[in-house]
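Fold and geometry: a report
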Amino acid sequence: MSSGKSARNSLQEVEFSWPYPKNKEELIQVAMVTLAVLFLGLVITAARFTSYKNQTLDAKSLKQSAANLASFATEAGQTVTYADGEVTQNYRLAHAEELEKQVEDTVSFVETRHVRPNLQKAAGQISSQGRQLSNILSELSEPPTESDHTNKEEAAKLHRAGQSLQNLQTSFERLNKQLEAEQ
Amino acid sequence: MKKIFGLALGIIASLGGFVDIGDLVFTAQAGAKFGYSLLWALALGTLGIMIYGEMSGRVAAVAKKTVFDIIRTEYPPKLGFFTMALSNIVNVLTCAAEIGGVAIILHLLSGYPYRLLIPVAALGLIAIIWFLPFSKIEKVFGYLGVGLVVFLIAAIKTHSGAPHDALRLMPHGIQGEDILTYAYFAVGLIAATLMPYEVYFYSSGGIEEGWKKSDVSTNRINSILGFGVGAFAAAGIIAASAHYFYKQGITPQLLGTTPLAAVSAFGKIGLLVAMLGMLFSIGGSAVETAFAGAYNLSQYAGWKWGRHNPPRDTPRFTWSWLIILFAAAAIIMTGLDPVALTEYAVIFSVVVMPLTYYPILKAARDKRLMGEHVNGRLANTLGTAYFIIICLVATAAIPLLFLTNRGQ
């Protein structure tokens, strides 16, 4: 019996050789504190998520969304400008894909929240133009087909996309200024 | 001559890991939003990491003690455990963000799906750590991470075309909510430069490389010039970003946006050099965070540790860094955005900063422990001043994160 107890003690020494927790009681203390912190973190995260989901968009939030979309359109436009040998094809396709995800996130942020009545029109514009931007990026992230690659279609596609991106960027910037005046 | 050459290589090697995904995110966004006016925050953070890096290396060389050796003996047990647990949570989150960053760059380079590249990145890092000796690991990432200097060269090349507003060294015309955003980026830049894993890795690396009292001056030069070279690379990103993104009205929210600043100056070559520099610098940081976590745990628990030992002699240490890398890869596989994760990791790391830096200062000024290599008056004054700055940054970071919605 006593040899069993001493074997357990020596096992405990091996397993808990560090300063803290040294024994079962201290280990339970750590577990309780960890659970309490996790619970608190979960409650705070849930509360923040709920308030984020239920927030009513004001001019400031819409302005931020429009500014983000303008920035994405400019960035995509730059990548298209550099497409002619300045950036690798892999980079252009992969980056357009990443930008598309960001645009989708921004658009769904605007579409899934309440908007103040006087800002409905601006929100609608952000949503529709954001969708256009997303479609252009989706097209840009598609690898060119063999025929695209060998004829001028790919260059024409990029040229069209570049022009549309330029228009969208101007439009988002105009919207941004309108919303700034609303603030 | 051979010694100078070795020192120069050591300095270049220390670049790998200094500019991590957190630095890349904060510096590119800071330059795009506020031009040069946040360079002071980078300089402030760099001087801090030089001072504390030097102290931690000196303590390792003279007293043969790492950060967690000191924490284990100096802190009350509960506080020591809390520091170890919190620092390792931050290490794992940072490592996850770094692995995500490596996967993003591989995705941009190869076009293969990002999710597929996460395990590839993790396994690649494990293979490098497993097969290379410790001294070579640091060198591989350091030498290949030197490509980041392309941003500094791009900034010099594009300086004349930069918008005048972006070149102001002090903030100008910032008002209202922008003041909070400015403060968030200042705190973020200081925190990203002073990430605690850097001193965990640096002091343990000193033990790994068998530093002795005679290496104290090499440690001083390495910490000052090594972190300095890293800071120049980071300053280059701020400047290139200020010249290019500020003018275009682009706020870089993706890791893949940052190399565009080099494209404007050097075209496809600039893009490739920038991406390779980012790949190895972020990869180096992933290795450092995984090692830092394993060092902390092993030193706290009193296990035998060190990559210079064969894995069979240090099984718990080896399992620790392997588990950290696998856990980090699993976290990022869930679909978390590495850029958002790194911002949270950087900001939350400030909580653990005072607990990490205090024992270094205490040990470095302890005459009984350090003998003739104890802190001088200048090191004590700067160390104390920086400890106050670190506490202030720690107090401000989390409220600013929520008030500014991550600087948006």
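Calculation rules
- Residues numbered from 1 in each chain as written.
- Chains lettered and ligands numbered in written order.
- Predicted model: local features only at pLDDT ≥ 70, side-chain atom pairs only at ≥ 80, totals over all residues.
- Heavy atoms only, no water.
- Helix = DSSP H or I, 4+ residues; strand = E, 2+ residues; numbered from the N terminus.
- Buried < 20%, exposed > 50% of the residue type's maximum accessible area, 1.4 Å probe, protein only.
- Contact = heavy atoms within 4.5 Å.
- Areas by Shrake-Rupley, 256 points an atom, 1.4 Å probe, with all protein chains shown as cover.
- Buried area = accessible area lost by both parts, 1.4 Å probe.
- Salt bridge = Lys/Arg side-chain N within 4 Å of Asp/Glu carboxyl O.
- Polar contact = N/O pair within 3.5 Å; in protein donor to acceptor, adjacent residues only side chain to side chain.
- Expected span 1.5 Å × (residues − 1).
- Bend = angle between axes of the 7 residues up to and from the residue.
- Phe/Tyr/Trp six-rings, centres within 6.5 Å; stacked < 30°, edge-to-face > 60°.
- Lys NZ or Arg CZ within 6 Å of the ring centre and 35° of its normal.
- Core = buried A, V, L, I, M, F, W, Y, C linked by side-chain atoms within 4.5 Å.
- Patch = residues over 30% accessible without salt bridge, like charges linked within 9 Å, V, L, I, M, F, W, Y side chains within 5 Å.

Focus: the overall build of chain A
- Assigned secondary structure in chain A consists of seven helices and two strands.
- Ordered by position in the sequence, the α and β elements of chain A form the string α-α-β-α-α-β-α-α-α.
- With 183 residues in all, chain A has 39% of them scored as buried.
- Of the contacts made within chain A by residues no fewer than 6 positions apart, 81% connect residues no fewer than 24 positions apart.
- As displayed, chain A offers around 10900 Å² of accessible surface, 55% of which is attributable to carbon and sulfur atoms.

Points about the overall build of chain B
- Assigned secondary structure in chain B consists of 16 helices and zero strands.
- Dimensions of chain B, computed from C-alpha atoms along their principal axes, come out at roughly 55 × 50 × 45 Å.

Some details on the interface of chain A and chain B
- Contacts between the two partners involve 32 residues from chain A, matched on the other side by 35 residues from chain B.
- Of the roughly 3000 Å² buried between chain A and chain B, counting both surfaces, carbon and sulfur atoms make up 58%.
- Ranking the residues of chain A by area buried against chain B places A:Trp18, A:Tyr20 and A:Tyr91 at the top, with a combined share of 20%.
- Viewed at the interface, chain B and chain A are joined by zero salt bridges.
- Counting every contact that joins chain A to chain B gives ten residue pairs in polar contact (both at pLDDT 80 or more).

Brief notes about helix H16 (residues 377–403) of chain B
Residue and element names in this part refer to chain B.
- The terminal C-alpha atoms of H16, which comprises 27 residues, lie 39 Å apart, in line with the 39 Å expected from a rise of 1.5 Å per residue.
- In the structure, H16 departs most strongly from a straight axis at Ala397, where the bend amounts to approximately 30° and where the proline Pro399 lies between one and four residues downstream.
- Within the span of H16, buried status applies to Asn380, Gly383, Tyr386, Phe387, Ile390, Val393, Ala394, Ala397, Leu400 and Leu401.
- One or two positions beyond H16, positive phi appears at Asn405, with a value near 50°.

A closer look at the packing of aromatic side chains
- Per the counting criterion, the structure on display carries 25 aromatic pairs over all chains.
- A ring pair is formed by B:Tyr244 and B:Phe245, whose centres lie 5.1 Å apart and whose planes are at 65°; its orientation type is edge-to-face. Note on accessibility: B:Tyr244 and B:Phe245 belong to one class, buried.
- One Lys or Arg, A:Arg113, reaches over the ring of A:Tyr52 and ends 4.4 Å from the middle of that ring.

Observations concerning the pattern of salt bridges
Residue and element names in this part refer to chain B.
- Taken as a whole and judged by the stated rule, the model has eight salt bridges over all chains.
- Two residues, Glu54 and Arg58, come together in a salt bridge whose shortest N-O distance is 2.9 Å. Here the residue Glu54 and the residue Arg58 both occupy positions in helix H3 (residues 39–63), the gap between them amounting to four residues, near one helical turn. In this structure, Glu54 and Arg58 share a single accessibility class: buried.
- Asp366 is the salt-bridge partner of Arg368, the closest N and O atoms lying 3.9 Å from each other.

Thoughts on the nonpolar core
- B:Tyr52, B:Ile99, B:Phe151 and B:Phe291 are the most contacted members of the largest nonpolar core, which totals 146 residues.
- Ranked by the residues each element gives to this core, the list is headed by helix H12 (residues 260–301) of chain B, at 20 residues.
- Here B:Tyr52 is in contact with B:Val199, B:Tyr357, B:Ile360, B:Leu361, B:Gly383, B:Tyr386, B:Phe387 and B:Ile390, once residues within four sequence places are set aside.
- A:Ala59, A:Ala73, A:Ala76 and A:Leu158 belong to the second-largest nonpolar core, a separate cluster that totals 34 residues.

Concerning the side chain of B:Gln29
Residue and element names in this part refer to chain B.
- Summarising the element assignment, Gln29 is placed in helix H2 (residues 21–34).
- Its relative accessible area of 7% is what places Gln29 among the buried residues.
- Apart from the residues lying within four places of it in its own chain, the contact partners of Gln29 are Phe185, Pro252, Gln253 and Glu343.

Considerations on the side chain of B:Thr66
- Mapped onto the elements of the fold, B:Thr66 is located in the loop between H3 and helix H4 (67–74).
- Within the local environment of B:Thr66, its side chain forms a polar contact with the side chain of B:Gln299, the two groups lying 2.8 Å apart.

Regarding helix H13 (residues 315–333) of chain B
Residue and element names in this part refer to chain B.
- Relative to the 27 Å expected for 19 residues at 1.5 Å per residue, H13 spans 27 Å between its end C-alpha atoms, a close match to the ideal helical length.
- Where H13 is concerned, the buried positions are Phe317, Thr318, Ser320, Trp321, Leu322, Ile324, Leu325, Ala328, Ala329 and Ile332.
- Here the buried face of H13 lies against helix H5 (77–110), helix H6 (114–131), helix H10 (197–208), H12 and helix H14 (338–364).

With respect to a nonpolar patch on the surface
- Residues B:Tyr344, B:Phe348, B:Val351 and B:Phe402 make up a contiguous nonpolar surface patch of about 300 Å² in total accessible area.
- Examining the composition of the nonpolar patch, we find that three residues originate from one element, H14(B), more than from any other.

Thoughts on the environment of A:Thr79
- Among the structural elements, A:Thr79 can be located in helix H3 (residues 59–81).
- Spatially, the C-alpha atoms of A:Thr79 and A:Gln163 are 13 Å apart, while their sequence positions differ by 84 residues.
- Residues within four places of A:Thr79 in sequence aside, it is in contact with A:Val87, A:Tyr91, A:Arg92, A:His95 and B:Leu260.
- At a separation of 2.8 Å, a polar atom in the side chain of A:Thr79 contacts the main-chain carbonyl oxygen of A:Glu75.

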